[in-house]
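Observations on the three-dimensional arrangement
Here are the chains, one letter per residue:
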Amino acid sequence: RTISIVLSDGKILDTVVFYMAKALGMVPVALQGPAMFLMHIIINCFIVSGSGQATVTMPIMIPVADIIGMSRQTAVLAFNFGDGLCNYILPHSSALMGFLAAANIPYDKWMRFMGKLFVIWFFTGSAILLLAHMIGYGPF
């Protein structure tokens, strides 16, 4: 929440939204959903908490989606995929490391299996986001 307050009170939220929309606007329309998904994957490397990530990114990503013509539901779907799928591979995810320790599975062995599955999930999620953006998923 602190980051959102600093961005708002510092009067820089609009600048961040403008330049992110400008960057996403340069991406082909069909790839804007997957590009937002990739942004959330990168952000999730720094903010592991799902609620924390939502608090930081949604005040930025929702207006960005509005500017580039993406539905808000598609932007939220990109967040859900980026946050949810990364939790299976990030070594600083406390839940993952706890489960691996309880099951006595080394992280490198886990990544040999999960890395391939994550790539499949990434491309599947990207295809779903591409479809969602193309059909104008939402509002309901």
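Since the model is a prediction, treat every value here as computed from it, not as a measurement.

Glancing now at the overall build of the protein chain. Regarding its fold elements, the protein chain presents 7 helices and 0 strands. Ordered by position from N to C terminus, the α and β elements of the protein chain give α-α-α-α-α-α-α. Seen through its principal axes, the protein chain has C-alpha atoms that stretch 45 × 35 × 30 Å. Residues classed as buried in the protein chain amount to 38% of the 140 residues present. Total accessible area computed for the protein chain in this model is approximately 7900 Å², and 72% of it derives from carbon and sulfur atoms.

Here the structure, examined in full by the defined rule, presents 6 aromatic pairs. Judged by centre distance (4.9 Å) and plane angle (80°), the rings of phenylalanine 18 and tyrosine 19 are edge-to-face. Classification of phenylalanine 18 as partly exposed rests on a relative accessible area of 46%. The partly exposed category is assigned to tyrosine 19, whose relative accessible area is 49%. Relative to phenylalanine 122, the ring of phenylalanine 37 lies with its centre 5.2 Å away and its plane at 20°, an arrangement referred to as stacked. Residue phenylalanine 37 is located in helix α3 (residues 32-44), and its partner phenylalanine 122 is located in helix α7 (residues 107-135); the two are separated by 85 residues in the primary sequence.

By the secondary structure assignment, threonine 57 is in helix α4 (residues 50-68). Residue threonine 57 is classed as buried on the basis of its relative accessible area, which comes to 3%. Among the polar contacts listed, one links the side chain of threonine 57 to the backbone oxygen of glutamine 53, at a separation of 2.7 Å. Apart from residues no more than four positions distant in its own chain, threonine 57 is found in contact with His40, Ile43 and Phe79.

Here the focus is the confidence of the model for the protein chain. Residues at a pLDDT of 70 or more form 99% of the protein chain, whose mean pLDDT is 90. Here helix α1 (residues 2-9) is the element of the protein chain with the lowest mean pLDDT, 80, and α7 is the one with the highest, 94.

Turning our attention to the nonpolar core. Met36, Phe37, Ile60 and Val64 are the most contacted members of the largest nonpolar core, which totals 35 residues. Listing elements by their share of this core, those giving two or more residues are α2 (13-25), α3, α4, α5 (72-86), α6 (94-103) and α7. Discounting chain neighbours no more than four positions away, the residues touching valine 64 are Val17, Met20, Ala21, Leu24 and Met36.

Applying the stated rule across the entire model yields 2 salt bridges. The closest approach of N and O atoms between arginine 72 and aspartate 66, which form a salt bridge, is 2.7 Å. Overall, the relative accessible area of 46% leaves arginine 72 in the partly exposed class. Taking the relative accessible area as the measure of exposure, aspartate 66 reaches 40% and is therefore partly exposed. Note that aspartate 108 and arginine 112 form a salt bridge whose closest N and O atoms lie 3.8 Å from each other. Remark: arginine 112 and aspartate 108 occur in helix α7; sequence separation between them is 4 residues, near one turn of the helix. Accessibility expressed as a relative area gives 51% for arginine 112, which makes it exposed.

Rules of the game
- Residues numbered from 1 in each chain as written.
- Predicted model: local features only at pLDDT ≥ 70, side-chain atom pairs only at ≥ 80, totals over all residues.
- Heavy atoms only, no water.
- Helix = DSSP H or I, 4+ residues; strand = E, 2+ residues; numbered from the N terminus.
- Buried < 20%, exposed > 50% of the residue type's maximum accessible area, 1.4 Å probe, protein only.
- Areas by Shrake-Rupley, 256 points an atom, 1.4 Å probe, with all protein chains shown as cover.
- Phe/Tyr/Trp six-rings, centres within 6.5 Å; stacked < 30°, edge-to-face > 60°.
- Polar contact = N/O pair within 3.5 Å; in protein donor to acceptor, adjacent residues only side chain to side chain.
- Contact = heavy atoms within 4.5 Å.
- pLDDT = per-residue confidence, 0-100.
- Core = buried A, V, L, I, M, F, W, Y, C linked by side-chain atoms within 4.5 Å.
- Salt bridge = Lys/Arg side-chain N within 4 Å of Asp/Glu carboxyl O.

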